[in-house]
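Here is what each chain is made of, one letter per residue.
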Amino acid sequence: MEQWTNDTVNRTVMALVQQLTKDWTKTKVHSEILEIFMKMRMETKTEEEYVSLLLANVAFATESSFALNKIFELILLSKQFPPAEAVQAWVTDAHQKIEQQLPTLRDMYQKHFSGEENMKRKLELSYCPVLLSNRIKTDFIFAFIHEQNQPMMKDFFHADPKAVLEALHHISGFFASMILEGIELI
């Protein structure tokens, strides 16, 4: 097979993400997101604690996004389909490493968001799309390696890995934003 063009990669990733999210309703996703925020509010006693927890969650989610990209890049570069258990172990390992680095990461993200006029609102609005985009990326990766899908997915090994990673990153973010459009946060 000849090299895939960036346009082919984008159209294929878009179609696959569309397929993965076709049963997601705005109502259900909005409800799940609001439930996450309510749970965080219930776990904290003050507004300051809530913002601190939100900051930690934004840092964790953002770093998880980078980790998912690295995992998918590893799969694309090796041009092999690892077992789902291996991918799950990589995700778990990445999450544990992020958790260990969280105090340092929190400080870094604190500096990034500290100049914001309404830091709490900015964090809430940043957290939602990253959280949902990560869910899309995770579903995509596990669908990609699934045994039934491998005959179709192996064609991605002929594409430029950077183009595939970039397409998944942008398209998952786009879909997350579209699904979250109109969400009313507390």
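The present account deals with the structure reproduced in this document. (Residues numbered from 1 in each chain as written. Predicted model: local features only at pLDDT ≥ 70, side-chain atom pairs only at ≥ 80, totals over all residues. Heavy atoms only, no water.)

Topic: the side chain of Thr 21
Stage number 1. Tracing the backbone shows Thr 21 in helix H1 (residues 6-21).
Stage number 2. With a relative accessible area of 7%, Thr 21 lands in the buried category.
Stage number 3. At 2.9 Å, the side chain of Thr 21 forms a polar contact with the backbone oxygen of Val 17.
Stage number 4. In contact with Thr 21, other than residues within four places in its own chain, are Ile 136 and Phe 175. (Helix = DSSP H or I, 4+ residues; strand = E, 2+ residues; numbered from the N terminus. Buried < 20%, exposed > 50% of the residue type's maximum accessible area, 1.4 Å probe, protein only. Polar contact = N/O pair within 3.5 Å; in protein donor to acceptor, adjacent residues only side chain to side chain. Contact = heavy atoms within 4.5 Å.)

Looking at helix H3 (residues 47-78)
Stage number 1. The end-to-end C-alpha distance of H3, which contains 32 residues, comes to 46 Å, matching closely the 46 Å that a straight helix rising 1.5 Å per residue would cover.
Stage number 2. Lys 79 lies just past H3 and shows a positive phi near 55°. (Expected span 1.5 Å × (residues − 1).)

Overview of helix H4 (residues 84-113)
Stage number 1. The terminal C-alpha atoms of H4 lie 36 Å apart, and with 30 residues this falls more than 12% below the ideal 44 Å at 1.5 Å per residue.
Stage number 2. In H4, a bend of some 65° at Leu 102 exceeds every other bend along the element, and Pro 103, a proline, comes one to four places later.
Stage number 3. Listing the buried residues of H4 in full gives Val 87, Val 91, Ala 94, Ile 98, Leu 102, Leu 105, Tyr 109 and Phe 113.
Stage number 4. Those residues of H4 that are buried lie in contact with H3 and helix H5 (119-145). (Bend = angle between axes of the 7 residues up to and from the residue.)

Remember, this is a structural readout, not a statement about activity or role.
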